[in-house]
Amino acid sequence: MTEVTMTVNGKTVSGSVEGRTLLVEFIRNDLHLTGTHVGCDTSQCGACAIHVNGKLVKACTMFALEADGAEVSTIEGQANDDGSLNVIQQAFKEHHGLQCGFCTPGMVMAAADLLKTNSKPTELEIREHLEGNICRCTGYHNIVKAILAASGQDVSNIAAE
Amino acid sequence: MPKDSGIGAAIKRREDARFLLGSGRYSDDITLLNQTHAIFVRSEVANGEINSIDTSEAEAMPGVLAVFTGEDFVDVGGNPAGWLINSRNGDPMKEPKRPVLAHGKVRHVGDAYAAVIAETEQQARDAAEKINADIKELPAVIDMASALSGKNFVHDEIGTNQCYDWGWIEDNREATDKAIKNAHHVTTLELVNNRLVPNAMEPRCSIADYNPANDDYTLYTTSQNPHLTRLLISAFVLGIPENKLTVVSPDVGGGFGSKIYHYGEEALVLAAAKRIKRPVRWTATRSESFMSDAHGRDHVTKIELALDKDNNFLAFRTETMANVGAYLSNFSTVTPTILHGTLMAGNYAVPNVYVNVKTVFTNTAPVDAYRGAGRPEATYSLERVIDKAATELGVDPIKLRRQNFIKPDQFPYVTAAGLNYDVGDYDAIMDRLEHHADLKGFAQRRKKSEAAGKLRGLGINSYIEACGIAPSNLIGTLGARVGLYDAATIRVNATGNISVMVGAHSHGQGHETAFPQIVADMLGVDPDNVEIVHGDTSKIPFGMGTYGSRSLAVCGSAIVRGVEKIISKGKKIAAHMMETTDDKVDFEEGVFSVKGTNKTVSFGDVALKAYIPHDFPIEDIEPGLEETAFYDPQNFTYPAGAYACEVEVDPDTGQVTIESFAAADDFGNIINPMIVEGQVHGGLAQGIGQALLEGCTYNEDGQLISASYMDYTMPRAADLPSFIVDHTVQTPSTDNPLGVKGCGEAGAIGSPPTVVNAVVDALRSANHNVTHIDMPLTPERVWAAMNN
Ligand code: FES
Ligand code: FES
């Protein structure tokens, strides 16, 4: 077991982990931050997406040890300071961008990553940016719409009848 | 009643905030004090004889608390089939035992034959690798046709791989044969309805907690219907008394059918928790999900459509082989039969239908209901053969369908496949579709695609489905071993807010938002004052859970009945308060009033009075304001729709892209249109996934080739377009008090043939003599079809 220390959602945390412990396991099992989900074992689904040192990362592709000293943010750290939904989260709610909610934390983290570098993405850019995130419920239609809306763009022509 | 919050309002979902903030509570998020971990040891071969299992090395590993094998469960029951299907000759179906852990033989890759319980998951995993099993590999039974003709059996004790040979309707057989023989034109098509893996994003998870003090158990599990799971475990598998077992399905991350069923892992963790007197948990890896969740579809069908000289449909006749896998999953026998055969008249006034289904055991994972369950298979066969007939006859595919539609004035209409459609207007739906699909502009769009070197195709489909399967007395005669009602308890609390305990389970469908809209509308209260309680057998009445687009039509109707009882009792209390008799009391918009006077009393005051009955005629009116209703529908509901899809095909690579997709559906009345549209979007994505991307593949040795997201192609955002959905045609169901029909499966039912019809159309536009391509329409298959 080895000691790791990192900053998660602004708080310094530490714990002892095995060499094989994945970052997502550390986050879920040791820190009890269960908003980051595990949907696969081949790094394909994006349910575990978080930000590490400002980059979008699948937390199942990193060992906890590799995150020693890193700045990590998870879905639990995304709300506004008063605890209310942030712009992206609010847009997901407004446009019904989630159903079962299992992929949702990863989708929100991926959307935040996109909007950081591309403040007005096109529909196609959004769809391509989500290539690492699978949703089985929504057919993506309303996720795309939510991200467009979060970026302040008009979504009326994406609207279904 | 504010119009923006009751029935018909697109109010935002109250469940969203917890999911968006990361505070949802899925099974795997639950941590119990002193918990331990289970890991299953699964077969690597498709068919094998277990000679011995040596667990000694595993037992000696650090942290190991217990090891189980099939031996430990020989004295308990098996996981039963929920529906008895008889063969055409009257013989009952074959029902081999499905044990908690494989015993004697392993029958598919992923079949669990041992389990290790340890202090940590890693210790359990390490120890599981030390289980030494001597399993002799046997030749696998994979291909259905050879399974039926061969002498190698999945279950030796039944001496056949055929579960049953079912005919529907047997009395129609001769007439159908005759109609086909004498027809002016017969179109024949052989097709495969590809095997799919449901792939809810949350893997299955089960956690058992045993309390020795009371000898009772709590099972947290990813279930679409906790009461049914409890019943199966209690009555058939472990024999735990129902009142000693609580099943809790908290937030569940999608189901699509795969979480309807009881699985052996649930029984194992319960038995283990009792043995070691500590909580035992297990969460599937995605690889385990691929190998052990119930799969869907997997039919091979030959369909014939007979027409007269005026292109009127005379008969549909199908022969199907349906794969059931190695064991009977709970609803695996009804899915390819009742849920498939009865739909084989489609939306059409066709006088003859005959369906034959042979269901086949193979050394593959069990196959059961997956979003649509039988109805997508029926729709696919019908709508593909109709399209082929249109091509052969040189008639417009929309015209051919319209000509044969059951017309609005023909309802109620008993079809040749035995269902009684209550109401519908298929031409009106097609009108809406034509409006959205801009058919007039298609030639222009095709030209544009051609100029860019692409082939463009247009596919059309119309579908009907049957939801809210019922009534119990009818399905009982058809072999169901369960009832298919649902239940709701309405508890008006003393302070006037309301708790509604429901048998339906929400795993993405938004019940916590939509159900209160019904209650709010009826009682004139704010929906925010209505709380839905679901997913916990210790709190909710016995209901049958959520699948088959049944929640609103069946459980929603139970809520209506329950609220009606509340109103009727409320009138008695109000009558007492206003010194009149209850027949003189009206109730509207949350206010009780005495007819013809201006005397009123509010709903809240009545609620309070019910719980503080100081001056109450106790002999006439019981205290409290709580009612339960069980609702058993009179009939199925029949949502219907018409879909249009435009594709582009790259002639050099065979790559298909969806250029547009429009869906027009009739779901009857709608409670929350935002949720309805979301359900359609999700269904469309799964149906398009089936048509273009998804294929669960076993090789001839029974190895699962598509066992991860690297090999099984899930639809991703860039594979799909934005959808046009329309639900403005609303013919309310006449068989339930809400007039609703159900919308959860429609998209997955209607879309696969739409896409395939479009691709075939695209290829034919370039003079390729292609009549059919089997799904999934991968670039390789499409390219091969173009290049023979
Ligand atoms: S769990 Fe990390 S990508 Fe699936
Ligand atoms: S909302 Fe269920 S997987 Fe995306």
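These notes cover the structure that comes with them. (Residues numbered from 1 in each chain as written. Chains lettered and ligands numbered in written order. Predicted model: local features only at pLDDT ≥ 70, side-chain atom pairs only at ≥ 80, totals over all residues. Heavy atoms only, no water.)

## A short note on the sheet that holds strand β13 (residues 299-307) of chain B
Residues and elements named next belong to chain B.
- Read across the open sheet, the five strands follow the order β7-β15-β14-β13-β8; overall the sheet is mixed. What marks the edges here is a single partner per strand, and that holds for β7 (162-168) and β8 (185-193). Taken over all neighbouring pairs, the strand axes of this sheet differ in orientation by 10 degrees on average, direction set aside.
- In this structure, strand β14 (residues 313-325) lies alongside strand β15 (residues 352-361), joined through 10 bridges in parallel fashion. The residue bridging Ala 322 from the neighbouring strand is Thr 359, located in β15. (Pairing = 2+ DSSP bridges. Helix = DSSP H or I, 4+ residues; strand = E, 2+ residues; numbered from the N terminus. Axes fitted to C-alpha atoms, helices over the stretch in contact; angles between N-to-C directions.)

## Digging into helix α3 (residues 104-117) of chain A
Residues and elements named next belong to chain A.
- Helix length check: α3, at 14 residues, gives a terminal C-alpha distance of 20 Å against a target of 20 Å (1.5 Å per residue), a fit within 8%.
- Among the 14 residues that make up α3, 12 are buried, leaving the element largely enclosed by the rest of the structure.
- Within the span of α3, buried status applies to Thr 104, Pro 105, Gly 106, Met 107, Val 108, Met 109, Ala 110, Ala 111, Ala 112, Asp 113, Leu 114 and Leu 115. (Expected span 1.5 Å × (residues − 1). Buried < 20%, exposed > 50% of the residue type's maximum accessible area, 1.4 Å probe, protein only.)

## Let's talk about the interface of chain A and chain B
- At the interface, 51 residues of chain A touch 59 residues of chain B.
- Buried surface at the junction of chain A and chain B, summed over both partners, amounts to about 4,500 Å²; 55% is from carbon and sulfur atoms.
- Inspection of the region where chain A meets chain B yields five salt bridges.
- With its nearest N and O atoms 2.9 Å apart, the salt bridge here joins Asp 126 of chain B to Arg 20 of chain A. (Contact = heavy atoms within 4.5 Å. Buried area = accessible area lost by both parts, 1.4 Å probe. Salt bridge = Lys/Arg side-chain N within 4 Å of Asp/Glu carboxyl O.)

## Here we look at helix α1 (residues 23-30) of chain A
- Listed in full, the buried residues belonging to α1 of chain A are Leu 23, Val 24, Phe 26, Ile 27 and Arg 28 of chain A.
- Once α1 of chain A ends, the next one or two residues include His 32 of chain A, with phi positive near 55 degrees.

## Side note on the layout of surface pockets
- Approximately 1,300 Å³ is the volume found for the largest pocket.
- As for the largest pocket, its lining consists of 50 residues, and the residues nearest its centre are Glu 25 and Asn 29 of chain A together with His 37, Glu 121 and Gln 122 of chain B.
- Put simply, the parts of the chain that give the lining of the largest pocket at least two residues each are β2 (11-17) and α1 of chain A together with β1 (36-42), α3 (121-128) and β12 (280-283) of chain B.
- When residues of the lining of the largest pocket are assigned to their parent elements, the largest contribution, six residues, is made by α3 of chain B.
- Empty space within the second largest pocket amounts to approximately 1,000 Å³. (1 Å grid on protein atoms, 1.4 Å probe; cavity = no way out; pocket = protein on both sides within 12 Å on 5 of 7 lines; lining within 4 Å. Points joined across faces, edges and corners; volume = space filled by probe spheres on them.)

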